[in-house]
2 protein chains.
Amino acid sequence: MALTIGDLGKATNTKVETIRYYESIGLLPKPARTAGNYRAYGPVELGRLSFIRRARDLGFSLDQVRAMLSLADDKACDCAGIDRIAREHLEEVERKIADLTALRQELSAVIRSCAGGTIADCRIIEALGPSQ
Amino acid sequence: MALTIGDLGKATNTKVETIRYYESIGLLPKPARTAGNYRAYGPVELGRLSFIRRARDLGFSLDQVRAMLSLADDKACDCAGIDRIAREHLEEVERKIADLTALRQELSAVIRSCAGGTIADCRIIEALGPSQ
DNA sequence: CTTGACCCTATAGTTACTACAGGGACTATA
DNA sequence: TATAGTCCCTGTAGTAACTATAGGGTCAAG
C-alpha cells in the first residue's frame, strides 16, 4: 500500500509542509497521485527522505544533500567519485566537530565563571563582554 | 570622540548593515545622531554589541541574546536565568558533537569499504539511510 | 449524509542577516 | 572652488530552510 504525505511525515519525523517544500525545490521527485489527487509514496521515497532528514540533522546544507543524492542516483558513476566526495564530507564533519568542541570549551568556561550571585557580580556578562 | 557606524563595525567585526539590523529589531538602542544625521556611538554601545557578537559566535540565537541582555540589564535579578540559558545551549552543542562523531564513524567506514567497485556496491546510502 | 481528519495549492511569515538602489555628507586633492 | 571618492542615510528585496495561514477538496466513520 502507498503512503500518504502524512504517513511519510510521521515515518521520517518531517512536517507535511517540509515534504512539499522538498518536492518544490526538486529534492524529492514529484510522486504519483491517487484518484483524489493525493500524493502517493512508496519505500523508495521513504528511504530518500530519511537520508535527507538525517543529513540535515547533522548539519549538511540542502545543497550538500542534493550533491550526495545525485551521486547516489548515478549508478554509472564509479566508486572513485564517491570516495572523493565521501572524503570531502568527512573532512567537513571533522571541521565541524573541532569547531563545536572549541565552542563547548568556551561555553563551559563561561558557565563555570558563574558563582550564583546577583547580576552585579555575574561573570557570564563579563566573560561575554568586550575582552582583549 | 564618538564612533561612526563603520568604526563600530570594524571594532566588533560586524557589517554596517548588521548593526542597523540589530537596531531595527531593538537589540541595540537608537543612538544619538550628528548634525549630518550620522549615527554616533560610544563605549556603552561598543560593549553591548561586543556582547551580542560574542554570544552569536558561540551559537546563541538572537532571542537567547535578547533574554540574556534583558536579564543583565536588571541588576537586581539573580544570575540563575543566564546560567540556565547557557547550560541549555551547552547541552545542545554536546548533542551535536555526539551526532557528528557518529557520522564521522559511518563516513570512515564507507570510505574504507569503497574499494573501487560501482555505486551498486557502495555503502553510503545504507550508512545514511533509514537503517538504525 | 454529515462530521472531522486529512489532503490540495498558493502565498506570506520566520530567522539572521546580506545586498542593492538612490541619494546625502565629509575629506582630500587639483 | 570644484570634484572625486569614501563613507553614511533610508527603504526594500533577496537568501536558506523551513513554517504557517487561507481557502478549499477528499475520504472513512458513525
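Overview of the structure. Everything numeric in this text was worked out from a predicted model, so none of it was measured. (Residues numbered from 1 in each chain as written. Chains lettered and ligands numbered in written order. Predicted model: local features only at pLDDT ≥ 70, side-chain atom pairs only at ≥ 80, totals over all residues. Heavy atoms only, no water.)

**Overview of the protein's contact with DNA strand D**
Stage number 1. Of all residues adjacent to DNA strand D, which total 19 residues, the nearest are A:Tyr38, A:Arg56, B:Gly6, B:Arg20 and B:Arg39.
Stage number 2. When the atoms of DNA strand D within 4 Å of the protein are sorted by group, sugar and phosphate make up 78%.
Stage number 3. Here B:Thr4 contributes a side-chain N or O atom positioned 3.0 Å from a phosphate oxygen of DNA strand D.
Stage number 4. Residue B:Arg39 places a side-chain N or O atom 2.7 Å away from a phosphate oxygen belonging to DNA strand D.
Stage number 5. The dominant element in the surface near DNA strand D, judged by the number of residues it contributes, is helix H2 (residues 16-24) of chain A, at 4 residues. (Near = heavy atom within 4 Å. Polar contact = N/O pair within 3.5 Å; in protein donor to acceptor, adjacent residues only side chain to side chain. Helix = DSSP H or I, 4+ residues; strand = E, 2+ residues; numbered from the N terminus.)

**Here's the deal with the packing of helix H1 (residues 5-12) of chain A against H2(A)**
When two helices pack together, their arrangement is given by the angle between the helix axes and by the axis-to-axis distance.
Residues and elements named next belong to chain A.
Stage number 1. Packing of H1 against H2 leaves a shortest axis separation of 9 Å and a crossing angle of 105°. Relative to H2, H1 is oriented roughly perpendicular. Residues Ile5, Gly6, Leu8 and Gly9 of H1 form the contact with H2, whose participating residues are Val16, Ile19 and Arg20.
Stage number 2. Looking at the contact of H1 with H2 residue by residue, the class counts come to 4 nonpolar, 2 polar and 1 charged. (Axes fitted to C-alpha atoms, helices over the stretch in contact; angles between N-to-C directions. Parallel < 35°, antiparallel > 145°, perpendicular 65-115°, else oblique. Contact = heavy atoms within 4.5 Å. Nonpolar A, V, L, I, M, F, W, Y, C, P; charged D, E, K, R; others polar.)

**Thoughts on the pattern of salt bridges**
Stage number 1. Under the criterion given, the structure shown has 5 salt bridges over all chains.
Stage number 2. A:Arg39 is the salt-bridge partner of A:Glu23, the closest N and O atoms lying 2.7 Å from each other. In this pair, A:Glu23 sits in helix H2 while A:Arg39 sits in strand E2 (residues 39-40), placing the two residues 16 residues apart along the sequence. By the burial criterion, A:Glu23 is buried, and A:Arg39 matches it.
Stage number 3. Between B:Asp83 and B:Arg87 there is a salt bridge; the shortest N-O distance is 2.7 Å. Within this pair, B:Asp83 and its partner B:Arg87 are both found in helix H5 (residues 80-113), separated by 4 residues, close to a single helical turn.
Stage number 4. For B:Asp83, a relative accessible area of 13% gives the class buried. (Salt bridge = Lys/Arg side-chain N within 4 Å of Asp/Glu carboxyl O. Buried < 20%, exposed > 50% of the residue type's maximum accessible area, 1.4 Å probe, protein only.)

**Things to note about the protein's contact with DNA strand C**
Stage number 1. As a matter of local geometry, DNA strand C sits amid 19 residues, with A:Gly6, A:Arg20, A:Arg39, B:Tyr21 and B:Arg56 nearest to it.
Stage number 2. Across the atoms of DNA strand C situated within 4 Å of the protein, the share located in sugar and phosphate is 79%.
Stage number 3. Here a phosphate oxygen of DNA strand C sits 2.7 Å away from a polar atom, N or O, in the side chain of A:Arg20.
Stage number 4. Elements supplying a minimum of two residues to the surface near DNA strand C: H1 of chain A together with helix H2 (16-24) and helix H3 (43-57) of chain B.
Stage number 5. Grouping the constituent residues of the surface near DNA strand C by class yields 6 nonpolar, 6 polar and 7 charged.

**Observations regarding the packing of aromatic side chains**
Stage number 1. Tallied over the entire structure, the rule returns 2 aromatic pairs over all chains.
Stage number 2. Taking the centre distance of 6.0 Å and the plane angle of 45° together, the rings of A:Tyr21 and A:Tyr22 count as tilted. (Phe/Tyr/Trp six-rings, centres within 6.5 Å; stacked < 30°, edge-to-face > 60°.)

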